[in-house]
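Commentary on secondary and tertiary structure
If you want the building blocks of each chain, they are given just below.
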Amino acid sequence: MSDQGGVRRWRLVRADRDAVPPSVRRFMRRARQRRIRAALPWAVAVAILAVASGIGWMIYGTSVLGVRRVEVTGAVLLDPPRVRDAAAVADLTPLARVDTGAVAARVEALAPVDRAVVSRRWPGTLLIEVIERTGVAAVPHGDAFAVVDDEGVAFRTLPERPAELPRLEVAKPGPDDVNTRAGLEVLAALSAELKAKLISVTVEAPARIRLNLADERTIIWGDSSQNPVKSSVATALLGREEKTIDVSAPEVVSLR
């Protein structure tokens, strides 16, 4: 500080390094290191949060990892474009935001689809695996035939009965119809020999079921109880010449 003309003037002077005692310098250095160590976890956490937020925004909020392809496998009765239309997934929808359960439900609403499995294939493919229904019988439907699966669901209509499927004759076919269910239970229990000769199964009532064979023979089945036993008995009697075989009470077989 100088005093010229009654006016005080201040001047900053850098202190010599030796002017600060070593103990003070060590204290200040340790204090600075403690502050850095205390702040480091927060800095790392903020950096990690920023990176995670950026990645999350890229995955969920942009089309960078959006749907660019919908791949359909397993579809035979259905054309892949029809499955894609049912899936109703817009192009470039963030793949991570696709509700796979909802997509599967929309695809399963198609009659030929028994089950659909939807998965993501990064970076931009949605995979839809279709498991179609398998026909076990053909039900007369006007001048055509409705193909039904083992649950009685009609999923296909054809002008003629497929040669590999027996005809199921019921008044009101459907998965909730007791006659339909009874007829399908009988079909599932038949031996290979019976299936090879079978033309149709007629169900007039749950306890009035009969099988019509290719050689114009008839098997009176009765109800859908004891199906495995009835199948064994009827198969054993196929070599007989009788036109009618009654296995409704398999322990007392009637031949006519």
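Notes on the structure in this doc start here. As the structure is a computational prediction, the values presented were derived from the model and not from experiment.

Below, the discussion takes up unusual backbone geometry. A negative phi angle is the norm for most residues apart from glycine, just as the trans form is the norm for most peptide bonds. Cis geometry is found at the peptide bond from Trp 122 to Pro 123, where omega equals 15°. On the secondary structure map, Pro 123 appears in the loop between strand 4 (113–121) and strand 5 (125–132). Of note in this structure, Ala 88 is not a glycine but carries a positive phi near 55°. With respect to the helices and strands, Ala 88 occurs in the loop between helix 2 (80–87) and helix 3 (100–108).

Here the focus is the nonpolar core. Most often, soluble globular proteins keep nonpolar side chains buried together rather than apart. Ranked by size, the top nonpolar core spans 25 residues in total, and within it Leu 168, Leu 190, Val 201, Leu 211, Ile 219 and Trp 221 carry the most contacts. Mapped by element, the contributors of at least two residues to this core are strand 6 (137–141), helix 4 (178–189), strand 10 (198–205), strand 11 (208–213), strand 12 (218–222) and helix 6 (227–236). For this core, the element with the highest residue contribution is helix 4, accounting for four residues. Not counting residues within four places of it along the chain, the set of residues in contact with Leu 168 comprises Ala 137, Ala 138, Val 139, Pro 140, Thr 180, Gly 183, Leu 184, Val 201 and Val 203.

A few words now on the sheet that holds strand 4. Strands sit in the order 3-5-4 across an open sheet of three strands; the sheet is mixed. Single-partner strands in this sheet number two, and they are strand 3 (69–73) and strand 4. Within the sheet, the average angular offset between the axes of one strand and its neighbour, ignoring direction, is 20°. Note that strand 3 and strand 5 share five bridges and pair parallel. Paired with Thr 73 across the bridge in strand 5 is Glu 129. Set on the sheet, helix 2 makes contact with strand 3 and strand 5; between it and strand 3 the angle comes to about 125°. Docked against the sheet, helix 3 engages strand 4 and strand 5, running at close to 150° with respect to strand 4.

Criteria and thresholds
- Residues numbered from 1 in each chain as written.
- Predicted model: local features only at pLDDT ≥ 70, side-chain atom pairs only at ≥ 80, totals over all residues.
- Heavy atoms only, no water.
- Helix = DSSP H or I, 4+ residues; strand = E, 2+ residues; numbered from the N terminus.
- Core = buried A, V, L, I, M, F, W, Y, C linked by side-chain atoms within 4.5 Å.
- Buried < 20%, exposed > 50% of the residue type's maximum accessible area, 1.4 Å probe, protein only.
- Contact = heavy atoms within 4.5 Å.
- Pairing = 2+ DSSP bridges.
- Axes fitted to C-alpha atoms, helices over the stretch in contact; angles between N-to-C directions.

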